[in-house]
Amino acid sequence: MRDIEMDNPHRRVVLLLDMDCFYAQCESIRLGLDQKIPLALIQWRSALAVNYPAREFGIKRGDSFEDIREKSQGRCVCIHLPVTLVDQTNHSSVAEPVSPQKDVGAFDPANLLDSYNAEFNQPKEVRERMYKSEKNKMRHQSEGKANLNRYRLASARIFRLIDDTLRRILGRGG
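Residues numbered from 1 in each chain as written. Predicted model: local features only at pLDDT ≥ 70, side-chain atom pairs only at ≥ 80, totals over all residues. Heavy atoms only, no water.

Chemist: Give a detailed account of the overall build of the protein chain, specifying residues and quantitative values.
Modeler: When its secondary structure is counted, the protein chain shows seven helices and six strands. Reading the helices (α) and strands (β) of the protein chain from amino to carboxyl end gives α-α-β-β-α-α-β-β-β-α-α-β-α. For the protein chain, buried positions account for 37% of its 174 residues. Here the analysis covers contacts within the protein chain between residues at least 6 apart in sequence; of these, 64% occur between residues at least 24 apart. (Helix = DSSP H or I, 4+ residues; strand = E, 2+ residues; numbered from the N terminus. Buried < 20%, exposed > 50% of the residue type's maximum accessible area, 1.4 Å probe, protein only. Contact = heavy atoms within 4.5 Å.)

Set out below in structure tokens:
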């Protein structure tokens, strides 16, 4: 820590995080899946994020759902990115429930931990039910638009933990 203070009069710390296959990692945690399960997060029948076990089959970002199934001989699980449904009658957005307890729309940063827990810390039986209903279910663009709020929530939680940890280590308050 002294090196940071001596060489850095402004006490700034720059941290670079490469969260490889982040969306796939989030889904593994949310659904309570073993990290060894090959998993691809799909958006409109194309791989958006591919975890390392799926990469062992030669699956890569951009592969089609059909290619993923063929390359893995059906062993890679595909989970579709959440979708905000569009009401076709009046063309307005209707939030699709992304967890059984609540919709993760614009979450309140003041209640970040509660929002995170409601989305990522469901009981085992709820996780199993979500997994069964989402496993290899493809969506179509006409259903709505992609919803990244689940992953924004996870990112916010990670950055809050990092910020809290650095403040504690460096002895800074607010």
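Chemist: An account of helix α2 (residues 22-31) is needed here, citing residue identities and associated values.
Modeler: Along α2, seven of the ten residues are buried, which leaves the element largely enclosed by surrounding structure. When we look at burial in α2, the residues that qualify are Phe22, Ala24, Cys26, Glu27, Ser28, Arg30 and Leu31. Residues of α2 that are buried make contact with β1 (39-43), β2 (46-50), β3 (77-80), α5 (112-120), α6 (124-134) and α7 (149-170). Glycine 32 occupies a position one or two residues after α2 and carries a positive phi of about 70°.

Chemist: So what's going on with the pattern of salt bridges? Which residues, and what values?
Modeler: Using the criterion set out here, one finds eleven salt bridges in the structure. For glutamate 66, the salt bridge is made with arginine 45, and the minimal N-O distance between the two is 2.2 Å. Here glutamate 66 is found in helix α4 (residues 65-71), whereas its partner arginine 45 is found in the loop between β1 and β2, with 21 residues between them in sequence. Of the residues examined, glutamate 66 reaches a relative accessible area of 41% and is grouped as partly exposed. The closest approach of N and O atoms between aspartate 63 and lysine 60, which form a salt bridge, is 3.4 Å. One connected set of salt bridges, linked through shared partners, spans Glu27, Arg30, Glu119, Glu134 and Arg150. (Salt bridge = Lys/Arg side-chain N within 4 Å of Asp/Glu carboxyl O.)

Chemist: Outline the packing of α2 against α6, listing residues and values.
Modeler: Close contact between α2 and α6 brings their axes to 8 Å; oriented N to C, the two are set at 130°. Between α2 and α6, the angle is such that the two are oblique. Contacts between α2 and α6 pair Glu27, Ile29, Arg30 and Leu31 from the former with Arg127, Met130, Tyr131 and Glu134 from the latter. For the contact of α2 with α6, the residue count by class is four nonpolar, no polar and four charged. (Axes fitted to C-alpha atoms, helices over the stretch in contact; angles between N-to-C directions. Parallel < 35°, antiparallel > 145°, perpendicular 65-115°, else oblique. Nonpolar A, V, L, I, M, F, W, Y, C, P; charged D, E, K, R; others polar.)

Chemist: I'd love a proper account of unusual backbone geometry, names of residues and values included.
Modeler: Positive phi outside glycine occurs at cysteine 21, with the angle close to 50°. By the element assignment, cysteine 21 lies in the loop between α1 (2-7) and α2. Of note, the phi angle at glutamine 73 is positive, near 55°, even though the residue is not glycine. Residue classification places glutamine 73 among the exposed positions, given a relative accessible area of 63%.

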